[in-house]
Amino acid sequence: MEFYIPTETGEFLAFCAAVVTGLFGLFALFAPGTALKLAGLQTRENSREGLAFARSAGGFYAGLAIVALMMAQSWIYMAIGGGFALAAFGRILSLMSDGSFTSKNLLVLAVQAVLAGLPLGYAFGFL
């Protein structure tokens, strides 16, 4: 199996979304404390389960992205896009109902929307 870098624009954009997803995942996997701080979260003094959760979530993101990069299939790109679309939907719900309307949340919402739109646009033939 060879590593494939797409030449078609739509697939390349989906590929880039998978790369960014993988980088986010690897960051959370290897620097969970920093990742949690950037997200505005903290662990309790005597408990390390938060770090374990951040590492495992980062591993999930990284694993999904690595499979997408290795397989280069629209169905896997669709999984990444669908995941980010639902994450963006959850953030919108939080903005509306939890009183978390901040510029940081709007920025993360925009990133999630782009990371959802690029692979879904390719998978559904819009890009």
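Structure: above.
First, a word on scope: everything that follows refers to the structure included in this document. None of these values were measured; they are calculated from a predicted model. (Residues numbered from 1 in each chain as written. Predicted model: local features only at pLDDT ≥ 70, side-chain atom pairs only at ≥ 80, totals over all residues. Heavy atoms only, no water.)

### Details of the environment of Met78
Position of Met78 among the secondary structure elements: in helix 4 (residues 74–97). Taking the C-alpha atoms as reference points, Met78 and Ile5, separated by 73 residues in sequence, lie 18 Å from one another. In this structure, Met78 is in contact with Leu120, Ala123 and Phe124, ignoring residues within four places of it in sequence. (Helix = DSSP H or I, 4+ residues; strand = E, 2+ residues; numbered from the N terminus. Contact = heavy atoms within 4.5 Å.)

### What about the packing of helix 3 (residues 49–71) against helix 4?
Where helix 3 contacts helix 4, the two axes come as close as 9 Å, and the packing angle between them is 150 degrees. The hand of the helix 3/helix 4 crossing is left-handed. In this structure, helix 3 uses Tyr61, Leu64, Ala65, Val67, Ala68 and Met71 to contact helix 4, whose residues at the interface are Ile76, Tyr77, Ala79, Ile80 and Phe84. Class assignment of the residues belonging to the contact of helix 3 with helix 4 gives a composition of 11 nonpolar, no polar and no charged. (Axes fitted to C-alpha atoms, helices over the stretch in contact; angles between N-to-C directions. Left-handed = near helix turned anticlockwise from the far one by under 90°. Nonpolar A, V, L, I, M, F, W, Y, C, P; charged D, E, K, R; others polar.)

### So, helix 1 (residues 9–30)
In this model, helix 1 (22 residues) spans 31 Å end to end at C-alpha, consistent with the 32 Å of a helix rising 1.5 Å per residue. Those residues of helix 1 that sit buried are Gly10, Glu11, Ala14, Phe15, Ala17, Ala18, Thr21, Gly22, Gly25 and Ala28. For helix 1, the arc enclosing every buried residue in end-on projection is 155 degrees, short of the 170-degree limit, so these residues lie on one face. Structural note: helix 1 exposes Thr9, Leu23 and Phe30 on the side pointing more than 90 degrees away from its buried face. Considering only its buried residues, helix 1 is in contact with helix 2 (32–38), helix 3, helix 4 and helix 5 (103–123). (Expected span 1.5 Å × (residues − 1). Buried < 20%, exposed > 50% of the residue type's maximum accessible area, 1.4 Å probe, protein only. Arc of directions from axis to C-beta.)

### Some details on the packing of helix 4 against helix 5
Direction vectors running N to C along helix 4 and helix 5 enclose 150 degrees, while the axes themselves pass 7 Å from each other. In terms of orientation, helix 4 lies roughly antiparallel with respect to helix 5. Of the two elements, helix 4 crosses helix 5, and the hand of that crossing is left-handed. Split into classes, the residues belonging to the contact of helix 4 with helix 5 amount to 19 nonpolar, five polar and one charged. (Parallel < 35°, antiparallel > 145°, perpendicular 65-115°, else oblique.)

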